[in-house]
Amino acid sequence: MKQKIKNLILKAALNAHEKGDLPSSEFPDVEVETPRVESHGNFSTNFAMATASTQKMQPKRVAEAIIKSIDDTEGIVTKTEIAGPGFINFFINSLAWHPVLRRIHEEDDRYGASDIGRGSKIQVEFVSSNPTGPLHVGHGRGAAFGDAVANILLFCGYDVEKEYYINDSGRQINTLGRSVFLRYRQLLGEEIEFPDECYQGNYIHDLAGRIKEDKGSIFLDQKEDEAVLYCAQFAAKNIIAGIRDDLKSFGVEFDNWFSEQSLYDSGKVDKVLNDFRSQNIIYEKDDAHWFKTTDFGDEKDRVVVRNNGQTTYFASDIAYHKDKFERGFERVIDIWGADHHGYIPRIKACLAAAGCSDEQFDVILVQLVNLLRGGEPVAMSTRAGEFVTLKDVIDEVGADAARFIFLTRHHESPLDFDLELAKKKTNENPVFYVQYVHARISSIIRKGREKGIKDIGWDEKAIAMLKEPEEINLIKSMDSYPETVRLSAEFMEPHRITFYLMNLASSFHAYYNKHRVLTDDPLLTGARLYLVVAVKKVIKNGLTLLGVSAPEKM
RNA sequence: GCGCCUGUAGCUCAGAUGGAUAGAGCAACGGACUUCUAAUCCGUAGGUCGCAGGUUCGAAUCCUGCCAGGCGUACCA
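Residues numbered from 1 in each chain as written. Chains lettered and ligands numbered in written order. Predicted model: local features only at pLDDT ≥ 70, side-chain atom pairs only at ≥ 80, totals over all residues. Heavy atoms only, no water.

Under the annotation held in an unreviewed UniProt entry, chain A carries the name Arginine--tRNA ligase and is attributed to Candidatus Desulfaltia bathyphila. You can read under Subunit (unreviewed entry) in the UniProt record for chain A the words "Monomer." (UniProt positions renumbered as here; feature names shortened; annotations may be inferred.)

All right, on to the overall build of chain A then. Broken down by element type, chain A carries 21 helices and 15 strands. Across its three principal directions, the C-alpha atoms of chain A cover 90 × 65 × 40 Å. Taking all 554 residues of chain A together, the buried fraction comes to 50%. For chain A, contacts bridging at least 24 residues in sequence account for 72% of all contacts bridging at least 6. Accessible surface, chain A: about 26,500 Å² in total, of which carbon and sulfur atoms supply 46%. Distance from the positive charge centre (69 side chains) to the negative charge centre (84 side chains) of chain A: 5 Å. (Helix = DSSP H or I, 4+ residues; strand = E, 2+ residues; numbered from the N terminus. Buried < 20%, exposed > 50% of the residue type's maximum accessible area, 1.4 Å probe, protein only. Contact = heavy atoms within 4.5 Å. Areas by Shrake-Rupley, 256 points an atom, 1.4 Å probe, with all protein chains shown as cover. Lys, Arg positive; Asp, Glu negative; His and termini not counted. Charge placed at Lys NZ, Arg CZ, Asp CG, Glu CD.)

To continue, consider the environment of Leu415. Assignment of secondary structure puts Leu415 in strand 15 (residues 415-418). Distance from Leu415 to Lys212, taken between C-alpha atoms, is 41 Å for residues 203 residues apart in sequence.

This part is about the sheet that holds strand 14 (residues 376-377). Taken in spatial order, the three strands make up an open sheet running 14-13-15, and their pairing is mixed. Each edge of the open sheet carries a strand with a single partner, namely strand 14 and strand 15. Here two bridges tie strand 13 (residues 369-373) to strand 14, and the two strands are oriented antiparallel to one another. Directly across from Leu372, in strand 14, lies its bridge partner Pro377. (Pairing = 2+ DSSP bridges.)

We now examine the domain arrangement of chain A. Here chain A is described as being made up of domain 1 (2-92) and domain 2 (99-111 + 429-546). On a C-alpha basis, the centroid separation for the pair domain 1 and domain 2 is 31 Å. (Domains from an automatic or database assignment.)

It is worth spelling out the packing of aromatic side chains at this point. In the structure shown here, the tally under the stated rule is 25 aromatic pairs. A centroid spacing of 5.8 Å and a plane angle of 40° characterise the contact between Phe27 and Phe47, whose relative ring orientation is tilted. With a gap of 20 residues between them, Phe27 in the loop between helix 1 (2-18) and strand 1 (32-33) and Phe47 in helix 2 (residues 47-55) connect regions that are remote in the sequence. Just as Phe27 is buried, Phe47 falls in that class too. Members of the aromatic cluster, connected to one another through ring pairs, are Phe276, Phe291, Phe296, Tyr313, Phe314, Trp336 and Tyr343. Over the ring of Phe194 we find Arg183; its NZ or CZ atom is 3.5 Å from the centre of that ring. Between Arg403 and the ring centre of Phe250, over which it is positioned, the NZ or CZ distance is 5.5 Å. (Phe/Tyr/Trp six-rings, centres within 6.5 Å; stacked < 30°, edge-to-face > 60°. Lys NZ or Arg CZ within 6 Å of the ring centre and 35° of its normal.)

Time to look at the packing of helix 2 against helix 3 (residues 59-68). Here helix 2 crosses helix 3 at 110°, and the two axes come no closer than 8 Å. Considered as vectors, helix 2 and helix 3 are oriented roughly perpendicular to each other. Residues Phe47, Ala48, Met49, Thr51, Ala52 and Gln55 of helix 2 form the contact with helix 3, whose participating residues are Pro59, Val62, Ala63 and Ile66. Along the lines of polarity and charge, the residues of the contact of helix 2 with helix 3 split into eight nonpolar, two polar and no charged. (Axes fitted to C-alpha atoms, helices over the stretch in contact; angles between N-to-C directions. Parallel < 35°, antiparallel > 145°, perpendicular 65-115°, else oblique. Nonpolar A, V, L, I, M, F, W, Y, C, P; charged D, E, K, R; others polar.)

As a further point, take the side chain of Lys162. Checked against the element boundaries, Lys162 lands in strand 6 (residues 159-166). Judged by relative accessible area, which is 14%, Lys162 ranks as buried. When sequence neighbours within four positions are dropped, the list of residues in contact with Lys162 reads Val124, Phe126, Asp147, Ala150, Glu253, Phe254, Asp255 and Asn256.

This is the structure:
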């Protein structure tokens with residue numbers, strides 16, 4: 001509808017110019033918005049004000065000229081007015097909204113989809129938690145966010161690949177192996193002090209126990225290096241499998257699991273370091289190798305090879321990001337926890353050095369999650385290995401509630417996640433509020449079938465009976481869904497869809513409480529069913545993008 | 001110290017990339033179920049958009065400075 005109004009305005013402006021009412025044919029983009037106040041009409045444009053200076057006319061005069069030239073062949077506009085400093089307000093004929101319903105029924109689960117991505121290859125990398133322990137709540141937010149972004153981009157015509165980067169190499173894996181090995185020795189009766197820098201969680205105990213069951217005490221007689229290596233590989237493999245399971249029960253599946261170690265095995269890390277050496281952007285100082293990231297906007301240079309000869313994680317990250325672009329992605333999105341933000345200039349420096357364009361790469365930071373229970377903070381300490389895992393949360397509140405709540409905030413806004421609130425089945429908890437719409441409509445449909453009411457499809461005469469303000473309101477809301485999806489994709493902000501759904505749900509509940517769908521009038525009943533089924537489709541459509549289910553019954 | 005993020009109703013947050021009189025939910029108060037699911041709805045009340053300047057027809061939104069909170073500032077990831 002907004003697009004139609006835009007077209008009307010642009011045509012009117014061109015007409016007015018031809019007639020000589022407007023001196024210039026240069027026009028800015030037409031911006032049409034939905035005013036907050038109803039008395040300002042259904043749509044409003046600042047076009048007259050925006051073009052006034054190039055026309056060298058007063059905004060109100062421009063507005064008059066445009067209104068005079070509006071050619072509304074479809075009869076969608078009932079009234080126009082000039083208001084304030086030069087706004088043009090449009091009032092829409094309520095019957096003109098009805099075709100929106102037909103479109104929703106026709107496009108069905110593709111309603112709101114678009115081709116703004118034009119099939120371009122885009123990679124979304126998220127979660128990428130180290131395989132040294134289970135996922136916690138914060139990872140859940142990243143997972144819900146990344147998955148929703150990927151869904152939305154796919155829906156908008158991008159060729160999306162979801163990737164998880166596994167840091168299965170380097171120091172922390174060695175520490176993991178040592179942690180498990182030490183617990184293993186303790187289990188076999190040795191008295192050893194367990195160092196602070198080792199991983200403390202119970203899962204380390206469990207893994208050590210499994211090794212003991214499988215292999216007995218054989219590692220006590222082997223070289224420590226080999227034993228640690230075995231423990232590390234065993235532990236990492238099992239932890240990754242656990243992460244994969246947790247994500248799956250959270251409804252998140254990746255297209256690709258990318259191993260850091262593979263970059264070493266294929267020689268890609270060495271190659272990129274050598275390339276950079278030959279470009280003289282890696283130099284030696286204090287027995288270490290430094291990448292001159294300051295040449296590319298970073299505040300200080302960064303070590304890529306330590307003085308003990310080991311590469312840093314940063315070395316493989318250079319190779320990794322270069323590899324992403326070599327795989328042909330036109331755009332690469334990294335989703336990180338906000339605590340890693342200091343790392344952005346470094347990665348941008350790599351890409352600049354490798355000749356990749358800044359515009360093709362974006363980092364989206366997701367703020368951390370404060371876990372609460374009944375308003376009180378839940379104590380968590382990663383060091384002491386005491387934390388609420390993502391699995392705990394899914395088991396307690398359910399994947400739907402968790403995912404939805406994670407998406408009720410802008411990603412850069414910190415989020416309080418209250419376990420008690422997430423379980424509440426009241427208006428305080430928006431998940432059920434939205435899902436309830438779907439269940440209610442499903443129930444109406446079932447009741448209708450019991451009564452033998454048949455679907456009418458698109459019947460102009462019947463649909464014309466939909467003229468209650470609450471009905472028009474619902475249609476207007478659904479009309480704006482495709483735009484919401486589009487903006488949500490452009491800004492990579494899934495929370496727009498969350499808020500949209502809460503808003504649509506509110507309009508529906510208001511309608512439901514005031515009017516009956518199944519009435520004595522078959523024609524009216526048919527029309528209202530047609531309306532309500534459209535609402536059901538849009539609700540399901542939006543929930544699906546967020547990765548939340550749409551239940552038939554609650 | 002420097003960098004990034006945040007600051008909007010008592011609480012939790014939106015605010016369509018500069019528009020008209022600032023928007024929800026919760027909490028508070030008052031109402032609505034013999035009905036298609038009350039996990040719902042209707043009404044009332046609630047504001048110096050952190051503070052101070054600036055840009056312009058017009059600022060919660062853009063610029064500058066300050067205040068408060070969070071995070072970061074490794075030869076850890």
